[in-house]
Amino acid sequence: MSAADMTLRAGQSSAILPDRGGVAGALSDLFWKRPRFLLVLMLLPPVLWLGIVYLGSLFALLLQSFFSIDEFSGLINREFTLKTYGELLLPANLDIIMRTITMAACVTIASAIVAFPIAYYAARYARGKWKALFYLGVMLPLWSSYLVKVYAWKLILAKEGILTWFLGKLHLQWLLDAWLSLPIVGGNSLSVSFTGTFIVFVYVWLPFMILPIQASLERVPVNLIEASSDLGANPAQTFRNVLFPLALPGIVAGSIFTFSLTLGDYIIPQIIGTSRLFIGQAVYAHQGTAGNIPLAAAFTVVPIVVMGFYLWGAKRMGAFDAL
Amino acid sequence: MRSDLARASLSLKVAAAAGLLFLHVPILLIFVYAFTTEEKSYQWPPPGFTTQWLAVTWNRPDVWQALGLSVQVAAISTAIALVLGTLCAAAISGSRFFGREAISLLVILPIALPGIITGISLRSAFSLMEIPFSMWTIILGHATFCVVVVYNNAVARFRRVSGSLVEASMDLGANSFQTFRYCILPNIGTALVAGGMLAFALSFDEVIVTTFTAGQQQTLPIWMLEELVRPRQRPVTNVVAMVVVLVTLLPILAAYYLTRDGDQVAGSGK
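Residues numbered from 1 in each chain as written. Chains lettered and ligands numbered in written order. Predicted model: local features only at pLDDT ≥ 70, side-chain atom pairs only at ≥ 80, totals over all residues. Heavy atoms only, no water.

### Describing the interface of chain A and chain B
Interface size, as often reported, equals the accessible area lost upon joining of the parts. Rule in force here: Contacts are assigned to residue pairs with any non-hydrogen atoms lying within 4.5 Å of each other. Take the accessible area each of two parts loses on contact, using a 1.4 Å probe, and add the two losses: that sum is the buried area. A carboxyl oxygen of Asp or Glu within 4 Å of a side-chain nitrogen of Lys or Arg is what we treat as a salt bridge. Throughout this description, a polar contact denotes any pair of N or O atoms lying within 3.5 Å of each other; where both atoms belong to protein, one of them has to be capable of donating a hydrogen while the other can accept it, and for residues adjacent in sequence the pair is counted only when both atoms sit in side chains. By the criteria applied, helices consist of DSSP H or I runs no shorter than four residues and strands consist of E runs no shorter than two, each listed in order from the N terminus. Residues are sorted three ways: Asp, Glu, Lys and Arg are charged, Ala, Val, Leu, Ile, Met, Phe, Trp, Tyr, Cys and Pro are nonpolar, and all the rest, Gly among them, are polar.
If you look at the interface, chain A gives 82 residues, while chain B gives 89 residues. Summing both sides of the interface, chain A and chain B together bury roughly 8,000 Å²; the carbon and sulfur share of this comes to 78%. When the area that chain A buries against chain B is broken down by residue, the three leading residues are Tyr54, Trp143 and Tyr151 of chain A, summing to 10%. Connecting chain A to chain B are zero salt bridges. Inspection of the chain A/chain B interface yields ten residue pairs in polar contact (both at pLDDT 80 or more). At 18 residues, the largest contribution of residues to the side of chain A that touches chain B is made by helix α3 (residues 35–64) of chain A. Here the side of chain A that touches chain B is built from residues that sort into 57 nonpolar, 16 polar and nine charged.

Encoded structure:
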């Protein structure tokens with residue numbers, strides 16, 4: 001129908017080319033005349049895949065969090081209940097949630113502090129070759145194997161490892177011992193303490209913080225900083241009143257990654273850390289040997305809700321423009 | 001008086017250098033440990049150096065099997081992600097429509113939410129639908145979060161390819177397929193290769209989702225995870241770790257060199 005329509009119009013106005021021949025040509029004409037059709041055709045495969053495979057299973061999981069487990073038979077009772085969410089509020093489970101959120105917050109703040117100088121130098125001072133070097137210097141660790149990075153820290157933090165050796169050379173062994181004797185953050189050695197878990201988290205997620213901060217700092221005009229010092233501000237004041245507020249969206253954008261990734265990770269605390277659980281480990285334990293899928297599902301809702309609030313706050317601070 | 005050429009203060013230089021060292025020294029250490037003669041502990045400094053563990057690792061069938069599965073999974077997932085990611089990027093960048101934001105969020109979601117959520121959702125969906133675990137269940141998970149990497153690379157490039165280029169090609173009599181083949185593909189090609197390489201690296205390295213979607217199959221990261229939790233053959237693990245670093249390093253470097261000149265795409269000036 002549309003082809004005939006086209007020929008008719010082609011007869012009326014010679015500026016319009018005649019129809020293209022063949023199946024490919026007919027399809028091309030159809031795409032050109034009905035861009036919506038092409039759009040739907042292009043969107044259909046990815047949306048179907050993500051909608052069915054990803055959203056489908058996500059909803060299946062959320063649904064299961066409203067089921068409960070029968071304590072005697074261990075079978076899943078498929079009736080709507082909020083009992084499983086109630087279990088989250090048990091002291092032991094609440095402990096896990098608070099511990100994970102505290103860790104995520106500490107990791108986020110520490111990575112922002114470590115990331116800022118790197119991002120600032122790369123954005124403001126590095127030029128040409130150095131700029132490329134800085135970029136690769138952040139991208140390579142970001143993309144190299146997660147497990148290898150964790151493994152490297154197992155080597156470093158081991159009692160017989162390089163860190164102990166290095167501190168011994170500097171005659172600072174007492175400092176490490178004093179730190180390890182502290183409650184909560186200490187432990188038998190760094191590789192079985194929260195301090196170790198914390199260091200590895202910061203290390204693994206640091207590149208995710210550097211990149212958005214750098215992106216936001218690139219957009220700060222240099223003359224703004226010059227104006228600030230011309231007007232008599234010392235570097236600390238310039239940082240506090242000019243640089244930091246302008247970099248904040250970038251920091252918030254980076255913190256989305258560090259916070260979310262820490263909330264969901266279960267491998268780092270399992271390999272380097274104490275026996276006290278994090279949310280990810282609890283999820284893994286409950287769905288695995290215990291077979292308590294509803295409780296595991298309820299646990300995964302915690303990071304989703306926390307991240308939901310976090311993203312909402314971040315959007316209000318303009319963090320998405322810095323991504 | 002300050003100018004753009006102002007030198008960085010010493011403390012800033014030191015802090016930036018220390019940060020970069022912090023990022024790189026741990027990975028470099030892996031290379032040293034791969035050649036240590038110490039078998040039973042992570043002793044530093046290494047008591048001696050040997051290359052015998054390279055040969056030992058080379059003759060390990062379980063390592064080869066895991067490597068083979070990882071490469072297979074990564075290759076197939078990348079292929080799927082390339083098709084889905086490019087289609088999505090073309091649709092999103094080419095037009096404005098209702099639900100556009102929702103779809104771009106949908107693409108990013110699998111990587112924005114913690115991997116454990118993707119993993120356990122897929123696992124519970126598989127068990128609900130009674131799908132047995134296989135290589136394909138692993139691929140299903142990997143392809144899902146690889147789409148975003150291809151999408152990000154492609155969408156950035158599509159934005160720079162001018163629409164008038166496509167119109168000119170069609171005006172000159174090319175059909176849609178010819179336009180795609182001769183006009184769009186050469187312009188987005190490097191971005192797709194880069195996205196594909198990053199997707200490959202991402203899939204090759206993925207462990208969190210894989211622990212949930214694999215049954216008895218062992219990908220290389222799963223093999224490494226088991227060694228990490230219960231170390232049995234430290235020297236072999238050291239060598240495997242070194243190889244993994246090298247294998248992921250190459251696609252990342254290649255992806256960087258392919259996309260760094262992305263500003264010079266034809267028609268980007270409009």
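### Some remarks on the pattern of salt bridges
All names here are of chain A. Defined as follows: In this scheme, a residue with accessible area under 20% of its type's maximum is buried, one over 50% is exposed, and one in between is partly exposed, where area comes from a 1.4 Å probe on protein chains only.
Under the defined criterion, the tally for this structure stands at five salt bridges over all chains. With a shortest N-O distance of 4.0 Å, Lys83 and Glu87 are connected by a salt bridge. Here Lys83 pairs with Glu87, and both are found in helix α4 (residues 83–88), just four residues apart, close to one helical turn. When its relative accessible area of 37% is taken as the criterion, Lys83 is described as partly exposed.

### Digging into the packing of helix α7 (residues 146–157) of chain A against helix α10 (residues 194–218) of chain A
Residue and element names in this part refer to chain A. The condition that has to hold: Whenever a helix is involved, its axis is fitted only over the stretch in contact; in every case the axis is a line through C-alpha atoms, and angles between N-to-C directions fall within 0 to 180 degrees. Just so you know how the angles are binned, under 35 degrees is roughly parallel, over 145 roughly antiparallel, 65 to 115 roughly perpendicular, and the rest oblique. Should the near helix be turned anticlockwise from the far one by less than a right angle, the crossing is termed left-handed; should it be turned clockwise, right-handed.
The contact between α7 and α10 brings their axes to 10 Å, and the two run at 140°. As the angle between them shows, α7 and α10 are arranged oblique. Read as a crossing pair, α7 and α10 show a hand that is right-handed. Between α7 and α10, the contacting residues are Tyr146, Lys149, Trp153 and Leu157 on the first element and Gly196, Ile199, Val200, Tyr203, Val204 and Trp205 on the second. Partitioned by chemical class, the residues of the contact of α7 with α10 number eight nonpolar, one polar and one charged.

### Examining the nonpolar core
Here is the rule we go by: The definition of a nonpolar core used throughout is a set of buried Ala, Val, Leu, Ile, Met, Phe, Trp, Tyr and Cys residues joined through side-chain atoms within 4.5 Å. For the domains described, the bounds stem from an automatic or database domain assignment.
Counting residues in hydrophobic clusters, the biggest one holds 106 residues, and the most contacted among them are Tyr146, Leu217, Ile267 and Phe299 of chain A. The leading source of residues in this core is helix α5 (residues 91–125) of chain A, at 15 residues. In this structure, this core is formed jointly by two domains, domain 1 (2–77) and domain 2 (88–322) of chain A, each of which donates at least three residues. Apart from residues lying up to four places away in sequence, Tyr146 of chain A is in contact with Val204, Trp205, Asp265, Ile267 and Ile268 of chain A together with Asp205, Val207 and Ile208 of chain B. Of all hydrophobic cores here, the second largest spans 46 residues; its members include Trp49 of chain A together with Val161, Leu198 and Ala201 of chain B.

### Considering unusual backbone geometry
With phi around 65°, Ile184 of chain A is a residue other than glycine that occupies positive phi space. Among the structural elements, Ile184 of chain A can be located in the loop between α9 (173–180) and α10. With a phi angle near 55°, Glu130 of chain B is a residue other than glycine that sits in the positive phi range. Mapping Glu130 of chain B onto the fold places it in the loop between α5 (115–128) and α6 (135–160). What makes Glu130 of chain B exposed here is its relative accessible area of 69%.

### Considerations on helix α10 (residues 220–229) of chain B
An α-helix turns once every 3.6 residues. As a result, residues three or four positions apart point the same way. The element α10 of chain B is extensively covered by neighbouring structure, given that eight of its ten residues are classed as buried. Within α10 of chain B the residues assigned to the buried category are Leu220, Pro221, Ile222, Trp223, Met224, Leu225, Glu227 and Leu228 of chain B. Those residues of α10 of chain B that are buried lie in contact with α7 and α13 (267–271) of chain A together with α3 (61–94), α8 (176–205), α9 (208–213) and α11 (234–259) of chain B.

### So, the packing of aromatic side chains
Here is the rule we go by: Stacked, edge-to-face and tilted labels apply to pairs of Phe, Tyr and Trp rings (six-membered ring for Trp) whose centres lie within 6.5 Å, assigned for plane angles under 30 degrees, over 60, and everything in between, in that order. Only when the NZ atom of a Lys or the CZ atom of an Arg is both within 6 Å of the ring centre and within 35 degrees of the ring normal do we say a charge sits over the ring.
Taken as a whole and judged by the stated rule, the model has 25 aromatic pairs over all chains. Relative to Tyr42 of chain B, the ring of Tyr151 of chain A has its centre 6.2 Å away and its plane inclined at 85°; by these criteria the two rings are edge-to-face. Of this pair, Tyr151 of chain A sits in helix α7 while Tyr42 of chain B sits in the loop between α1 (10–33) and α2 (52–58), which puts the two residues in different chains. By relative accessible area, which is 2% here, Tyr151 of chain A ends up buried. Aromatic pair Tyr203 of chain A and Phe22 of chain B: ring centres 5.4 Å apart, planes at 85°, arrangement edge-to-face. Taken as a pair, Tyr203 of chain A in helix α10 and Phe22 of chain B in helix α1 lie in two separate chains rather than in one. Grouped by ring-pair contacts, the aromatic residues Phe116, Tyr120, Tyr121, Tyr125, Phe134, Phe239 and Phe244 of chain A constitute a single cluster. When the ring centre of Tyr182 of chain B is taken as reference, the NZ or CZ atom of Arg181 of chain B above it lies at 4.9 Å. Lying over the aromatic face of Tyr42 of chain B, Arg234 of chain B brings its terminal NZ or CZ to 4.4 Å of the ring centre.

### Remarks on the domain arrangement of chain A
All names here are of chain A. What the domain assignment lists for chain A is domain 1 (2–77) and domain 2 (88–322). With centres defined by C-alpha atoms, the gap from domain 1 to domain 2 works out at 39 Å. Facing eight residues of domain 1, the contacting portion of domain 2 comprises eight residues. Broken down residue by residue, the surface that domain 1 buries against domain 2 is led by Leu61, Ser65 and Ile69, which jointly contribute 54%. For the interface between domain 1 and domain 2, the tally reads zero salt bridges. At the boundary of domain 1 with domain 2, the tally comes to zero residue pairs in polar contact (both at pLDDT 80 or more). Mapped onto the side of domain 1 that touches domain 2, the elements with two or more residues apiece are α3 and β1 (68–69). Ranked by residues supplied to the side of domain 1 that touches domain 2, first place goes to α3 with three residues.

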